[in-house]
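Architecture at a glance
One letter stands for each residue in the lines below.
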Amino acid sequence: MKNMINWFEIPVKDYNRAKKFYETLLDFQITDGDFAPWKMGFFPSFEGKISGAIVFGEGYEPTEKGTLIYLNCNPDLSVALAKVETAGGSVKVPKKLISPEIGYWAIILDTEGNRIALHSKN
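Attention in this report is confined to the structure presented alongside it. (Residues numbered from 1 in each chain as written. Predicted model: local features only at pLDDT ≥ 70, side-chain atom pairs only at ≥ 80, totals over all residues. Heavy atoms only, no water.)

Notes on the packing of aromatic side chains
The test is simple: Note on ring pairs: Phe, Tyr and Trp rings are taken, using the six-membered ring of Trp, and paired if centres are within 6.5 Å. Classes follow the plane angle, with under 30 degrees stacked, over 60 edge-to-face and the rest tilted. Each residue's exposure class comes from its accessible area (1.4 Å probe, protein chains only) as a fraction of the maximum for that residue type: buried when under 20%, exposed when over 50%, partly exposed otherwise. Helix and strand definitions here come from DSSP, where helices need a minimum of 4 consecutive H or I residues and strands a minimum of 2 consecutive E residues; each element is numbered from the N-terminal end. Whether a charge sits over a ring depends on NZ of Lys or CZ of Arg being within 6 Å of the ring centre and within 35 degrees of the ring normal.
Throughout the structure, instances matching the rule amount to six aromatic pairs. Plain terms: the ring middles of Phe21 and Tyr22 are 5.1 Å apart, the flat faces sit at 85° to each other, and that makes the pair edge-to-face. Looking at Tyr22, the relative accessible area reads 0%, which means it is buried. A centroid spacing of 5.6 Å and a plane angle of 45° characterise the contact between Tyr22 and Phe43, whose relative ring orientation is tilted. Highlighted residues: Tyr22 in helix α1 (residues 15–26) and Phe43 in the loop between β3 (38–42) and β4 (51–56), separated in sequence by 21 residues. As far as the burial class goes, Tyr22 and Phe43 line up, both buried. An aromatic cluster is defined as three or more aromatic residues linked by ring pairs; in this entry it consists of Phe8, Phe21, Tyr22, Phe28 and Phe43. Over the face of the ring belonging to Tyr15 we find Lys39, whose NZ or CZ atom lies 4.8 Å from the ring centre.

Okay, here's the thing in structure tokens:
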């Protein structure tokens, strides 16, 4: 087993709003997919690394009380954090040092009400 996690899905209420939020925050393009009855937006996958999607449809309910995923914001999560509020989200826990070896983290609420952690080395 290479990784304990191999895929993640972030539930959304408004697909287009969520797509714009994550594309703005993380500076990448989300690829649309239609898996009726669900609409999915795929995050990029680099060199076979773990990736995920935003998902709109029955059974997908955003929450700030569920599983916490950490999104990679290397080299410095301050860049993404500076975009959170203007993109429609909010910062719940500002950038904090975990340790010099591990780096920094912060927690945000996305436009849909999901609690999401951001992580970077710097």
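Remarks on the sheet that holds β3
Test applied: We call two strands paired when DSSP finds no fewer than two bridges between them. Structural elements are reduced to axes, namely lines fitted to C-alpha atoms, with helices fitted over the stretch in contact, and the angle between N-to-C directions of any two is expressed from 0 to 180 degrees. The contact rule is simple, with two residues in contact once any of their heavy atoms fall within 4.5 Å.
Taken in spatial order, the four strands line up as β1-β4-β3-β2 in an open sheet, and their pairing is mixed. Both outer strands of the open sheet, β1 (7–11) and β2 (31–35), are each paired with one neighbouring strand and no more. Each adjacent strand pair in this sheet contributes to an overall mean axis angle of 30°, direction not counted. Sitting on the sheet, α1 is in contact with β1, β2, β3 and β4, with an inclination near 150° to β4.

As for the pairing of strand β6 (residues 90–99)
Remark: a regular strand shows side chains that alternate across the two faces of the sheet. Sheet topology note: the β6/strand β7 (residues 103–109) ladder contains six bridges and is antiparallel. Opposite Leu97, over in β7, you have Tyr104 as the bridge partner. Hairpin remark: β6 followed by β7, antiparallel, with three residues in the connecting loop.

A look at the pattern of salt bridges
Proximity of charged atoms lets side chains of opposite charge pair with each other. What counts is decided by this rule: A side-chain nitrogen of Lys or Arg and a carboxyl oxygen of Asp or Glu constitute a salt bridge if their distance falls within 4 Å.
In this structure the tally under the stated criterion is three salt bridges. Residues Arg17 and Glu112 are paired through a salt bridge, measuring 2.8 Å at the closest nitrogen-oxygen approach. Taken together, the residues span a long stretch of sequence, with Arg17 in helix α1 and Glu112 in the loop between β7 and β8 (115–120) at a distance of 95 residues. A relative accessible area of 38% places Arg17 in the partly exposed class. The class for Glu112 is buried, based on a relative accessible area of 2%.

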